[in-house]
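If you want the building blocks of each chain, they are given just below.
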Amino acid sequence: MFEVGEKIIYGENGVCIVEKVAPLEMQGAARDKLYYHLTPFIGSGTYFAPVDSNAFMRPVMSRDEAEALIASIPGIEPAVCHDSRFNHVEMFYKELFKQHTNEALVAMIKGLHERMRDKKNKSSRAEATMKRAKDILHGELAIALGIEFSEVEEYIISHIGAEST
């Protein structure tokens, strides 16, 4: 069970802070069922996740894990969808998000960089997907490294010498 104040990864929502662990304060909600009340690190609102849920949740990576991930970025192959049909491209990225790994996010970002660089017209869908992947990845790296979210990309570049994420 996660503790109040802990920063966790919640599904495909990225870093969230556990604000409290308590029943829902809504009419008709079961008083004996505990929920995590989660505030996203990026964005606004509150997520309510049952403590006994099967939803993907894990602690934020450590500083050592973050540095190891950054060091591995040059060796991570870009994830590229070679099918141009909209629904197939959409499913390709959904499956990568469902992996819940930082390596999948890096591969996705690298693949989207390539795709957008090769296309004359930038796809708003590709840009939105890249932003979402970067928000999740950079949010976790910011917490793990103890730096501001806005400093993450420069930190990565300074450590690997390339604009990979």
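Residues numbered from 1 in each chain as written. Predicted model: local features only at pLDDT ≥ 70, side-chain atom pairs only at ≥ 80, totals over all residues. Heavy atoms only, no water.

### Describing the overall build of the protein chain
- Each helix and strand counted, the protein chain has 5 helices and 5 strands in total.
- From first element to last, N terminus to C terminus, the protein chain shows the α and β order β-β-β-β-β-α-α-α-α-α.
- Projected onto its principal axes, the C-alpha coordinates of the protein chain cover approximately 55 × 35 × 20 Å.
- The proportion of buried residues among the 165 residues of the protein chain is 41%.
- When the accessible surface of the protein chain is totalled, it reaches about 9,400 Å², and 50% of it is carbon and sulfur.
- In the protein chain, 19 side chains carry a positive charge and 25 a negative one; their mean positions are 8 Å apart. (Helix = DSSP H or I, 4+ residues; strand = E, 2+ residues; numbered from the N terminus. Buried < 20%, exposed > 50% of the residue type's maximum accessible area, 1.4 Å probe, protein only. Areas by Shrake-Rupley, 256 points an atom, 1.4 Å probe, with all protein chains shown as cover. Lys, Arg positive; Asp, Glu negative; His and termini not counted. Charge placed at Lys NZ, Arg CZ, Asp CG, Glu CD.)

### Looking at the layout of surface pockets
- By volume, the second largest pocket is sized at about 170 Å³.
- Of the residues forming the lining of the second largest pocket, the biggest block, 5 residues, is contributed by helix 4 (residues 124-145).
- When grouped by side-chain class, the residues that make up the lining of the second largest pocket number 5 nonpolar, 5 polar and 4 charged. (1 Å grid on protein atoms, 1.4 Å probe; cavity = no way out; pocket = protein on both sides within 12 Å on 5 of 7 lines; lining within 4 Å. Points joined across faces, edges and corners; volume = space filled by probe spheres on them. Nonpolar A, V, L, I, M, F, W, Y, C, P; charged D, E, K, R; others polar.)

### Structural notes on the packing of helix 1 (residues 63-72) against helix 4
- It is at 8 Å that the axes of helix 1 and helix 4 come closest, and there the two elements cross at 130°. Between helix 1 and helix 4, the crossing angle belongs to the class labelled oblique. Both helix 1 and helix 4 take part in a crossing whose hand is left-handed. When helix 1 is examined against helix 4, the residues Arg63, Ala66, Glu67, Leu69 and Ile70 are found in contact with a partner set consisting of Leu137, Leu141, Ala144 and Leu145. (Axes fitted to C-alpha atoms, helices over the stretch in contact; angles between N-to-C directions. Parallel < 35°, antiparallel > 145°, perpendicular 65-115°, else oblique. Left-handed = near helix turned anticlockwise from the far one by under 90°. Contact = heavy atoms within 4.5 Å.)

### Some remarks on empty space enclosed by the protein
- Counted under the stated rule, the structure contains 2 cavities of 30 Å³ or more.
- Taken as a whole, the largest cavity spans an internal volume of roughly 90 Å³.
- Every residue lining the largest cavity is listed: Ile9, Gly11, Glu12, Arg58, Leu96, Phe97, His100, Thr101, Asn102, Leu105, Ile136 and Glu140.
- Split into classes, the residues belonging to the lining of the largest cavity amount to 5 nonpolar, 4 polar and 3 charged.

### Let's talk about the nonpolar core
- Core analysis: the largest hydrophobic core is formed by 37 residues, its most contacted members being Ile70, Met108 and Leu141.
- Among the secondary structure elements, those contributing two or more residues to this core are helix 1, helix 2 (86-98), helix 3 (102-118), helix 4 and helix 5 (152-160).
- Residue contacts for Ile70: discarding those within four places in its chain leaves Leu141, Leu145, Tyr155, Ile156, His159 and Ile160.
- Listed in part, the 9 residues of the second largest apolar core include Cys16, Val18, Tyr36 and Leu38. (Core = buried A, V, L, I, M, F, W, Y, C linked by side-chain atoms within 4.5 Å.)

### A closer look at the sheet that holds strand 4 (residues 47-50)
- Taking strand neighbours across the sheet as the criterion, the 5 strands line up as 4-3-2-1-5 in an open arrangement whose pairing is antiparallel. Because the sheet does not close on itself, it has two edges, and the strands there are strand 4 and strand 5 (57-59). In this sheet, adjacent strand axes meet at a mean angle of 45° when their direction is disregarded.
- One ladder, built from 3 bridges, connects strand 1 (residues 7-10) with strand 5; its direction is antiparallel. Paired with Tyr10 across the two strands is Met57, which belongs to strand 5. (Pairing = 2+ DSSP bridges.)

Any link to function would need more than the numbers given here.
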